[in-house]
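Commentary on secondary and tertiary structure
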Amino acid sequence: MTGIRARNLSLMLCLVASTAPAQSGYTPLGDGITLETGDTWSLDGHRFRLYGVQSCLRGTSFTVSPGDTRDCGEASLAVLAAFIRDTRPACAPVAQNTSLSYVLCFSTVGGHSLDLGTILISEGFDFAALDNKGLPVNPAYAVAEQEARSRRAGLWQFADVQHPSVLIGHVATDPGERP
């Protein structure tokens with residue numbers, strides 16, 4: 001395992017150890033879900049979203065090379081799909097209303113229980129969600145994001161990637177602007 005991968009795993013294990021609740025009551029994330037974004041899916045008419053995680057927004061882009069752009073939201077969605085397929089996480093609601101449940105999900109990787117949000121953010125394909133004051137919903141996710149950004153992991157390797165929560169904040173203050 002490379003030094004960077006070992007450091008990432010170590011960071012994820014530390015974050016999980018400090019934030020992971022007991023895993024009783026978790027339901028495996030199985031077949032039949034419809035992925036909507038890199039942080040949201042639906043099942044049987046109900047929507048689920050990873051608590052404290054913000055994926056790239058569909059319709060925003062990043063530049064792979066001059067003249068070659070990709071949809072940032074599609075990249076986040078593809079990585080979530082891969083992690084669900086490869087790690088088969090189990091999830092539990094932490095907050096809900098009639099149409100949306102915010103969930104925490106954990107995957108077992110190498111015998112360790114890892115928080116799916118931390119994995120996605122540490123690999124640089126999702127971001128720490130911000131509240132309406134611009135503060136991280138989950139401070140541990142902000143630490144994982146800063147680490148990913150400093151390593152230029154995932155989407156952070158592209159100079160024009162923008163934090164989706166910042167884009168959403170701009171639209172909130174200037175309704176004529178579109179993310």
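One can find the structure itself at the top, above this paragraph.
What this report covers is the structure whose coordinates are included nearby. (Residues numbered from 1 in each chain as written. Predicted model: local features only at pLDDT ≥ 70, side-chain atom pairs only at ≥ 80, totals over all residues. Heavy atoms only, no water.)

Take the pattern of salt bridges next. Enumeration over the complete set of coordinates arrives at seven salt bridges. Between R49 and D39 there is a salt bridge, with the nearest N and O atoms lying 3.3 Å from each other. Here R49, found in strand β4 (residues 46-50), pairs with D39, found in the loop between β2 (34-35) and β3 (40-43); they are 10 residues apart in sequence, far enough to count as distant. An identical accessibility class is assigned to R49 and D39; each is buried. Between R58 and E74 there is a salt bridge, and its shortest N-O distance comes to 3.1 Å. Separated by 16 residues along the polypeptide, R58 in the loop between β5 (53-55) and β6 (61-65) and E74 in helix α2 (residues 72-87) bring together distant segments of the chain. (Salt bridge = Lys/Arg side-chain N within 4 Å of Asp/Glu carboxyl O. Helix = DSSP H or I, 4+ residues; strand = E, 2+ residues; numbered from the N terminus. Buried < 20%, exposed > 50% of the residue type's maximum accessible area, 1.4 Å probe, protein only.)

Structurally, a disulfide amounts to a covalent bond that connects the sulfur atoms of two cysteines. Enumeration over the complete set of coordinates arrives at two disulfides. C56 shares a disulfide with C72; S-S distance 1.9 Å. Highlighted residues: C56 in the loop between β5 and β6 and C72 in helix α2, separated in sequence by 16 residues. A relative accessible area of 3% means that C72 is categorised as buried. Covalently, C91 is tied to C105 through a disulfide, its sulfur atoms 2.0 Å apart. Since a negative S-S torsion denotes a left-handed disulfide, the C91-C105 link at about 105° is right-handed. Of this pair, C91 sits in strand β8 (residues 90-96) while C105 sits in strand β9 (residues 100-109), and the two are 14 residues apart along the sequence. (Disulfide = S-S within 2.5 Å.)

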